[in-house]
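Each chain, letter by letter, is given below.
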Amino acid sequence: MITVDPASPTSPAEQIRSQLAALIRLGELVADARMPTIRQLAADLRVAAGTVAKAYKELENAGLIRTGRAAGTRVNVGQATGEPVLGGANHFMRAAHQSGLSLQEAQEILAAAWDADATGRIP
């Protein structure tokens, strides 16, 4: 279920994009599943249609969804990462909790590891 928190510092479009991306990557939105129309999702979430359109455009640019006139907007095949990533994320989350880290601190550690790996500093 997608929700939008109007009090969040994160834009509504980014909240929608990140939640849909997570559902796709976890396989909860399966390959070729039809997404709600922009207008329908906007009405359900009580946001402007342009907000949902922006989120959908970013998901399309990332290759997670595709849009076709007759077929509507659908989840692209092969986007789920499922259990391996979820299992690793749960392991990291439990270790972070046990270490007394906040969500922000855990995200900073993950971002630092991500950057180190991208630059080849992690074997």
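Residues numbered from 1 in each chain as written. Predicted model: local features only at pLDDT ≥ 70, side-chain atom pairs only at ≥ 80, totals over all residues. Heavy atoms only, no water.

A. Quick peek at the overall build of the protein. What the protein contains, in helices and strands, is five helices and two strands. For the protein, the succession of helices and strands along the chain, N to C, is α-α-α-β-β-α-α. Principal axes of the C-alpha set define a box for the protein whose edges measure 45 × 35 × 25 Å. Counting over 123 residues, the protein shows a buried share of 24%. Counted over contacts in the protein with a minimum sequence separation of 6, partners at least 24 positions apart contribute 48%. Surface accessibility of the protein: about 8,300 Å² in total, with carbon and sulfur atoms responsible for 57%. (Helix = DSSP H or I, 4+ residues; strand = E, 2+ residues; numbered from the N terminus. Buried < 20%, exposed > 50% of the residue type's maximum accessible area, 1.4 Å probe, protein only. Contact = heavy atoms within 4.5 Å. Areas by Shrake-Rupley, 256 points an atom, 1.4 Å probe, with all protein chains shown as cover.)

B. Region of the structure containing a nonpolar patch on the surface. Together, F92, I109 and L110 make up a nonpolar patch on the protein surface, roughly 250 Å² of accessible area in all. Among the secondary structure elements, L110 is positioned in helix α5 (residues 103-118). (Patch = residues over 30% accessible without salt bridge, like charges linked within 9 Å, V, L, I, M, F, W, Y side chains within 5 Å. Salt bridge = Lys/Arg side-chain N within 4 Å of Asp/Glu carboxyl O.)

C. Layout of the environment of E60. Inspection of the secondary structure assignment puts E60 in helix α3 (residues 49-61). Classification of E60 as partly exposed rests on a relative accessible area of 29%. Measuring from C-alpha to C-alpha, the distance between E60 and Q79 comes to 12 Å, with 19 residues separating the pair along the chain. E60 has contacts with I65, R66 and T67, leaving out every residue within four places of it along the chain.

Spatial relationships are all this shows, so hold off on functional conclusions.
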